[in-house]
Amino acid sequence: MLKKLLTLFVVTLILISCGEKNNQPGNNLSEKEKYSFDSTDLKTEGIDNTGKPFLIQYKFTKGDKYTYRLTTISDNIQQIIVDTTIASNVNQKVVYLIDMNVKEIDEEGITEAEMKISALKLDASANGQIFSFEAGKDVDTSKNKQFAEFVALYNNPFSIRFNKLGEVLEVYKADKISNKFLELRGAIDTISTEDKNYVKQDLINGVLNPLVTQIIRKFTDKEVYKDSTWQMTQKPLTLMVFQINYVNKYKVESVEKLKGDRIAVIDAGISFTYSGQQKVKQGDVTYNFQKPLSTADGKIYFDVDKGVQLKSHTKTRLEIIYTMEANTPQGKQKGKRTDVVSNTNILELL
């Protein structure tokens with residue numbers, strides 16, 4: 001039952017004007033403005049010529065309020081060839097308006113902030129069928145149950161803690177989100193406390209943390225300037241028969257100016273390596289996996305002087321191909337499957 005309950009969307013590997021502090025302009029946007037994203041480069045006003053290196057650090061103060069728009073676009077193209085060819089194409093776009101309210105900052109620079117998704121809209125298509133949903137506007141009971149994971153996120157605050165370098169230390173106070181999800185799925189009174197905690201932690205790890213780390217990104221602890229590079233090795237992941245080892249790579253492409261502030265323009269990419277047994281036999285079926293093909297790139301704009309991320313645009317693409325061969329009473333049968341998954345994330349400070 002839990003496996004069915006935990007079919008949650010995962011937010012995968014993302015011209016903005018910088019809003020004034022202590023203001024959340026997302027609350028004043030029209031419906032069209034809320035969900036109209038801008039994927040173009042940030043319009044800066046020139047190049048910084050000081051040549052002075054700097055630390056990329058967050059510089060929030062208690063009471064600061066920000067609103068970000070995060071747009072996630074995913075495409076999944078699948079083709080299965082056996083006796084016939086079966087093809088499917090699923091596209092999904094989700095736009096979130098995320099309010100951030102800085103609550104406390106301790107003497108070590110650890111920031112506690114409250115996050116709340118104040119607007120959320122989904123548009124999707126799957127093999128010719130069109131779906132759409134806007135949290136807070138669609139009140140149909142069956143539709144709310146169908147999109148329970150989105151309804152649960154809407155207007156239910158949670159908290160985060162992070163340090164100056166953007167390392168997210170904790171995502172917590174997510175009980176309202178997990179309880180709403182279980183309520184909509186009709187499971188709030190039928191599962192144990194232990195399982196409720198499991199659902200909450202799964203939501204934190206699989207949904208909230210990926211959203212948060214689009215806004216609060218971890219950077220290097222070294223001083224940087226134009227052409228500076230650094231990298232961060234991530235924990236390995238498992239994909240089918242493969243272990244994925246990947247390293248995030250960054251380079252300061254340029255240092256520009258916007259309203260007198262220095263803006264670090266950072267190129268972001270990922271280096272992938274795969275290991276694992278490519279030929280696997282299960283019963284009478286033999287699978288032969290090709291090594292996945294992966295690409296990732298992006299650009300991040302960080303206001304060095306204000307200590308806040310202004311915008312980012314990242315994209316990943318993964319292609320997986322494998323063949324199947326089975327011994328059946330009718331003789332050998334062969335098949336082939338191809339999956340191509342691409343994800344784009346666009347973050348804008350409003």
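The following paragraphs examine the structure supplied in this document.

What counts as what
Residues numbered from 1 in each chain as written. Predicted model: local features only at pLDDT ≥ 70, side-chain atom pairs only at ≥ 80, totals over all residues. Heavy atoms only, no water. Axes fitted to C-alpha atoms, helices over the stretch in contact; angles between N-to-C directions. Helix = DSSP H or I, 4+ residues; strand = E, 2+ residues; numbered from the N terminus. Parallel < 35°, antiparallel > 145°, perpendicular 65-115°, else oblique. Left-handed = near helix turned anticlockwise from the far one by under 90°. Contact = heavy atoms within 4.5 Å. Core = buried A, V, L, I, M, F, W, Y, C linked by side-chain atoms within 4.5 Å. Buried < 20%, exposed > 50% of the residue type's maximum accessible area, 1.4 Å probe, protein only. Phe/Tyr/Trp six-rings, centres within 6.5 Å; stacked < 30°, edge-to-face > 60°. Salt bridge = Lys/Arg side-chain N within 4 Å of Asp/Glu carboxyl O. Pairing = 2+ DSSP bridges.

The interhelical angle for the contact between helix 5 (residues 175-184) and helix 6 (residues 193-215), taken along N-to-C directions, is 110 degrees, at an axis separation of 9 Å. Accordingly, the angle class assigned to the pair helix 5 and helix 6 is roughly perpendicular. The interaxial crossing formed by helix 5 with helix 6 has right-handed handedness. Where helix 5 approaches helix 6, its residues Asp175, Ile177, Ser178, Phe181 and Leu182 are matched on the opposing element by Lys196, Val199, Lys200, Leu203 and Leu208.

With 69 residues, the main nonpolar core has Phe60, Tyr96, Met100, Ile160 and Trp230 as its most contacted residues. A per-element tally of this core places helix 6 first, with eight residues. Among the nonpolar cores identified, the runner-up in size contains 11 residues, and Leu239, Ile244, Ile270 and Ala296 belong to it.

The next subject is the packing of aromatic side chains. In the structure shown here, the tally under the stated rule is 18 aromatic pairs. Ring plane angle 90 degrees and centroid distance 5.9 Å describe the contact between Phe60 and Phe162, whose orientation is recorded as edge-to-face. Highlighted residues: Phe60 in the loop between helix 2 (31-34) and strand 1 (65-81) and Phe162 in strand 5 (residues 158-162), separated in sequence by 102 residues. An identical accessibility class is assigned to Phe60 and Phe162; each is buried. Measuring from centroid to centroid gives 4.8 Å for Phe289 and Tyr322, while their planes differ by 35 degrees, and the two rings are tilted. With Phe289 in strand 12 (residues 285-289) and Tyr322 in strand 14 (residues 308-328), this pair connects stretches of sequence that are 33 residues apart.

Below, the discussion takes up the pattern of salt bridges. This model, assessed by the stated rule, comprises 17 salt bridges. Among the ionic pairs, Glu348 bridges to Arg69, the shortest N-O distance being 3.0 Å. Of this pair, Glu348 sits in strand 15 (residues 331-349) while Arg69 is found in strand 1, placing the two residues 279 residues apart along the sequence. By relative accessible area, Arg69 is classed as buried at 6%. Measuring nitrogen to oxygen at the nearest pair gives 3.4 Å for the salt bridge that ties Arg161 to Glu170.

On to the pairing of strand 11 (residues 279-282). Taken together, the four bridges between strand 11 and strand 12 define a ladder with antiparallel strand orientation. Bridge pairing in strand 12 places Val280 opposite Tyr287. Connecting the antiparallel pair strand 11 and strand 12 is a turn made up of two residues, with Gly283 showing a positive phi of about 65 degrees.

Next up on the list: unusual backbone geometry. The backbone of Asp227 shows a phi angle near 75 degrees, a positive value even though the residue is not glycine. Take Asp227: it is sitting in the loop between helix 6 and strand 7 (229-233). The residue Met240 is not glycine, and still its phi comes out positive at about 55 degrees. With respect to the helices and strands, the residue Met240 is situated in the loop between strand 8 (237-239) and strand 9 (242-258).

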